[in-house]
Amino acid sequence: MAAKLVFALSNNFTQKDQQGICTASSLNWAKRVLLGRSVERESDLVDASVLNIQMAKLRRLDSDPTAQCALVGLVPVGGDRAVSSISQVVSLTKASSTGVSIFWTAEHTMGYRYKHLNKEFFDQNRGFYRAKKTKEIAKEMANSVTPFPSGVVGMRIVALEPS
């Protein structure tokens, strides 16, 4: 059985000469998931115009993961990690205390959630996917990474900011 596309997404946004809202949307998706809120339709996500504004600021914070996460009410758990495969993203996220991560190529950021029999993959370029089995969701994740020559280069486990 294949991963199910819950809804499709696109990433046709710009900030000056930079394209995309993938980091902002992935971090906001992760926050919603960590708050225990279900994502069933695109309207459950933060409005794209807000994400576009956030992304302009996030680009300036690329070397500061803590500040990037704080912008949306998250904290990084254990810092950024260099990874080179989807299987590393899956296994490190599964072993984490939160089960939620963002991961990236040199050009694009996505999100992954591990929960028993409910894996989720968020990609602002393609859509939001669910699957019961890891191998099903990992295949969709690989399909999203394949167009980027760098492959997966990093990931970050995220948690809610303490209140």
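All values derive from a computational prediction rather than experimental measurement. (Residues numbered from 1 in each chain as written. Predicted model: local features only at pLDDT ≥ 70, side-chain atom pairs only at ≥ 80, totals over all residues. Heavy atoms only, no water.)

## A word on the overall build of the protein
So, step 1. Summing up its helical and strand segments, the protein has 5 helices and 9 strands in all.
So, step 2. The C-alpha atoms of the protein give a radius of gyration of 14 Å, which matches the 15 Å a tight globule of 163 residues would have.
So, step 3. Burial status across the protein gives 48% buried among its 163 residues.
So, step 4. Taking the intrachain contacts of the protein between residues at least 6 apart in sequence as the baseline, contacts between residues at least 24 apart amount to 66%. (Helix = DSSP H or I, 4+ residues; strand = E, 2+ residues; numbered from the N terminus. Rg over C-alpha atoms; globule rule 2.2 N^0.38 Å. Buried < 20%, exposed > 50% of the residue type's maximum accessible area, 1.4 Å probe, protein only. Contact = heavy atoms within 4.5 Å.)

## Here's the deal with helix 5 (residues 134-145)
So, step 1. With 12 residues, helix 5 should cover 16 Å at 1.5 Å per step; its first-to-last C-alpha distance of 16 Å lies within 8% of that length.
So, step 2. For helix 5, the full list of buried residues reads E136, I137, A138, E140, M141, S144 and V145.
So, step 3. Contacts made by the buried residues of helix 5 are with helix 4 (86-95), strand 5 (100-104), strand 6 (109-113), strand 7 (119-123) and strand 8 (127-131). (Expected span 1.5 Å × (residues − 1).)

## Re the pattern of salt bridges
So, step 1. Tallied over the full model, the rule gives 6 salt bridges.
So, step 2. A salt bridge links R156 to D80; its shortest N-O distance comes to 2.6 Å. On the criterion of sequence distance, the pair formed by R156 in strand 9 (residues 154-160) and D80 in strand 4 (residues 74-82) is long-range, its members being 76 residues apart.
So, step 3. A salt bridge links E120 to R113, with the nearest nitrogen and oxygen atoms 3.4 Å apart.
So, step 4. Several salt bridges share partner residues, and in doing so they unite E40, R113, E120 and R130 into one network. (Salt bridge = Lys/Arg side-chain N within 4 Å of Asp/Glu carboxyl O.)

## Comments concerning the packing of aromatic side chains
So, step 1. Scanning all chains against the criterion turns up 5 aromatic pairs.
So, step 2. Plain terms: the ring middles of F7 and F128 are 5.6 Å apart, the flat faces sit at 40° to each other, and that makes the pair tilted. Taken together, the residues F7 in strand 1 (residues 4-8) and F128 in strand 8 connect sequence positions 121 residues apart.
So, step 3. Its relative accessible area of 10% is what places F7 among the buried residues.
So, step 4. In this structure F128 comes out as buried when scored by relative accessible area, which is 0%.
So, step 5. Relative to Y129, the ring of F121 has its centre 5.9 Å away and its plane inclined at 25°; by these criteria the two rings are stacked. Taken individually, F121 and Y129 each receive the classification buried, so the pair is uniform in this respect.
So, step 6. What links up through ring pairs into an aromatic cluster is the set F7, W29, F122 and F128. (Phe/Tyr/Trp six-rings, centres within 6.5 Å; stacked < 30°, edge-to-face > 60°.)

## Looking at the packing of helix 1 (residues 22-34) against helix 2 (residues 48-60)
So, step 1. Between helix 1 and helix 2, the shortest axis-to-axis distance is 8 Å and the interhelical angle comes to 110°. By the angle between their directions, the pair helix 1 and helix 2 is classed as roughly perpendicular. Contacts between helix 1 and helix 2 pair C22, T23, A24, S25, L27 and N28 from the former with L51, Q54, M55 and L58 from the latter.
So, step 2. Within the contact of helix 1 with helix 2, the residues separate by chemical class into 6 nonpolar, 4 polar and no charged. (Axes fitted to C-alpha atoms, helices over the stretch in contact; angles between N-to-C directions. Parallel < 35°, antiparallel > 145°, perpendicular 65-115°, else oblique. Nonpolar A, V, L, I, M, F, W, Y, C, P; charged D, E, K, R; others polar.)

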